[in-house]
Structure formats: C-alpha cells, structure tokens
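# Results of the structural survey
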Amino acid sequence: MTTPLAVELKALIAAEGPISVGRYMALCLGHPRHGYYMTRDPLGARGDFITAPEISQMFGELIGLWAVATWQQMGAPKAFRLVELGPGRGTLMADALRAARLVPAFGAAAQVDLVEMSPVLRARQAASLKGLATPIWHDGLESVPDGPVVVIANEFFDALPIDQFVRGRAGWHERRVGLDDADQLVFGLDPRPLPAIGALAAHFPPAREGDLLERLEGGAVQALGARLAAQGGAALLIDYGHAAHGYGDTLQAMKDHRFVSPLETPGEADLTAHVDFAALARGAKAAGARAFGALTQGEFLARLGLGARATRLQQGQDEAGRAAIAAAAHRLAGAEAGQMGTLFKVLALGDPSLGPPPGFAPQEEFA
C-alpha cells in the first residue's frame, strides 16, 4: 500500500540516501501532515491498540494513589506539577485524579501538565479531564515550568525512535531504510562499521556475528533524570520490554489490532519497540537521579492492592459484572500469553533525597 508518507519517504531517500531506523520511526509517528499520531486517535476497539487504562479504571486508580503516596513522601509540597508523558485519551489521568480525591490537599497542590504532540489526542484529553483538572499541554518535558514533579509515563518510551545496529565481521553496522530496485522501502546495512557503538555494546552480553542491538535515544530519560535531581520529585515509567540488556529486533508495527511489516504502511500503523529498562535506568542515573526496579507490572499492581480493589468493585455486581472485573484484573496482572503482567515492566525514578518510592523495596534500587 502506497501512503502519502511513503511517497515523501521515497523522495527523501532518493535525494539523500538511506535513512536511519530512528529517523524513519520519527517521521512515521510525528510527521506534521502524515504522522500516525498527528492524524488520529489510535486507541480502543476502533483504533490499532488498547492500553492498560482503557482495560479498567483500576489501573489509573492505583497509579493515582501511587502519586498521592509519592507526593506525601516528597513532604507534601503545597505546589507541584503532576505530569503525564503521552497521556493517550486522558483516561489514566482522569481515573488517577478521581482516586486522589481521597486526599483533597493533593488535588489542591497539583497542576496537571500533559506532554502530548497530537492535536487529535489533546482534544480527547481535554474532554476526559473536564471538571477534574485544567491541564496545560506541552510538546516536551523541557517546557514544563520549574518545581517539584510527579511524572507518569505509561507506554511512552516504546514509541520513541530507536536506532539499530548489526554485528558484522569487522564491527557494528547501522541498519537503515532504503529503496530496492522496484522502488520499494527495504532494510539494509551501512557498509561502514561504526566503532563508537563498541562503547554501548560493552554493557551488553558478548555479541556474535548477526546480533542486532537497539539503541533508544537517551535524551528524554536523561532530561527527566536531570529534572528530578535538580528540582525534586519522582517518575513512574510503565512499558513493555525487558529488564536487562539483550539483542534482537523488536521494532514492530500494528494496524487494526494486528501486526504488519514496519515498512508496509508508513504513517498508517503504530510503530513501537520493546523498551530496554536497564538503558533507561542507566541514563537517569547518569543524570543524577535514583532508579528502582524494574518490576513486572503484575508484581507492582499486586503491591499497590489490585486484588483488594477488584474485590471492592465486585461488591454489588451481578455474576457477569464480577466476571468482567476479574477478567480485567487478570489481563492487567496475569502472566499468561496475551496478558500484561510479565511483558510490561515498571521502573521508578526519584531525586537523590527520596528513598524507595511506593511499591519498591530498598534492595530493588538499580545498581
């Protein structure tokens, strides 16, 4: 399928040569006219994927109570920024703020800031938060005003561009997107080895020829870590991925709730990659923050009281209602294929003065 963005990408590559996987991802997702996130609401049954907040209110409620406990751990500042990175439809924030009404001082102290580049999703977020908050929108964390923060990032880092490198006989070669003889988009390797990748690979297991290494651009997590270290606060990062460094191609595209080739319909499919939580933790620590985890989502939600909350919601429900709540809780925390409990991980970041954030133990600090 030839999409409007595919036409522009082919012209760009024809003029400049093959482009990095990271640049390809950035254009597919954020192109101002044809980017995936700029032109649609991708969530829910009518979109291309479903996130945890859309499965059940329990997810956002527990994250809201985590935010309250974290704010209290920070000394309950009378003014702070409650920031969400990539807020989707605003469902998580809405459920979190409803749960946080248990502690009125939290809501009185919080200014809600949403980091979102999609005009379509900004409109959905405004509707979801009507009567709950008056959010301020930002294109990036750097424009959020100074002050202590509590940051929530659910399925944010998986959509940030990655670069890919393949181990060859003479070193590491960058994987790029070019054109084949039929003028179709195709993956290929830069013939020139990149010695600088050796420093990154030193944090990984010994590589064999053919191994593929993915590198997430570290600017976002380093900026977050620096903000926490300088101005105080904590952040909760939830995403699908792996807790330790490893090799493999995790770039994937999803359209209409099914996987498609990442090169098949640029601008019309969601592109993501599994998050390397060890890399996130190292980047935040290098910027001065502390890191805890990563825990599995199932373990984290259990520690926050998912079971008790599900039981409470089931009270007064008929059999079908009770079953639906149990199924939602299981999807959020279950370990089987198709469930989110082990695939998704949770990493907490904090300023150096804070101890372990709620849900984390001292021995779970990232070394």
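Reading the values: rules and limits
- Residues numbered from 1 in each chain as written.
- Predicted model: local features only at pLDDT ≥ 70, side-chain atom pairs only at ≥ 80, totals over all residues.
- Heavy atoms only, no water.
- Helix = DSSP H or I, 4+ residues; strand = E, 2+ residues; numbered from the N terminus.
- Rg over C-alpha atoms; globule rule 2.2 N^0.38 Å.
- Buried < 20%, exposed > 50% of the residue type's maximum accessible area, 1.4 Å probe, protein only.
- Lys, Arg positive; Asp, Glu negative; His and termini not counted.
- Charge placed at Lys NZ, Arg CZ, Asp CG, Glu CD.
- Salt bridge = Lys/Arg side-chain N within 4 Å of Asp/Glu carboxyl O.
- Arc of directions from axis to C-beta.
- Contact = heavy atoms within 4.5 Å.

### Regarding the overall build of the protein chain
- If you tally the helices and strands in the protein chain, you get 13 helices and 16 strands.
- Expected size for 367 residues packed as a compact globule is a radius of gyration near 21 Å; at 21 Å, the protein chain falls within 12% of this value.
- A principal-axis box enclosing the C-alpha atoms of the protein chain has dimensions of 65 × 40 × 40 Å.
- A buried classification covers 53% of the 367 residues belonging to the protein chain.
- Across the protein chain, the mean location of the 32 positive side-chain charges is 4 Å away from that of the 39 negative side-chain charges.

### With respect to the pattern of salt bridges
- Under the criterion given, the structure shown has 15 salt bridges.
- One salt bridge in this structure joins Glu61 and Arg309, with 2.7 Å as the shortest N-O distance. Of this pair, Glu61 sits in helix H4 (residues 57-73) while Arg309 sits in helix H12 (residues 306-314), and the two are 248 residues apart along the sequence.
- Glu61 gets classed as buried once you look at its relative accessible area, which sits at 12%.
- Residue Arg309 is classed as partly exposed on the basis of its relative accessible area of 25%.
- One continuous salt-bridge network, built from bridges that share partners, spans Glu299, Arg303 and Glu364.

### Section: helix H2 (residues 21-30)
- Among the residues of H2, Val21, Gly22, Tyr24, Met25, Cys28 and Leu29 are the ones counted as buried. Burial along H2 is one-sided: seen end-on, the buried residues are contained in an arc of 160°.
- If you follow the buried residues of H2, they end up packed against helix H1 (4-16), strand S1 (19-20), strand S6 (162-168), strand S7 (171-179), strand S8 (185-189) and strand S13 (270-272).

### Concerning the environment of Ala327
- Note on placement: Ala327 falls in helix H13 (residues 319-333).
- C-alpha of Ala327 to C-alpha of Ile55: the two residues are 272 residues apart in sequence and 9.7 Å apart in space.

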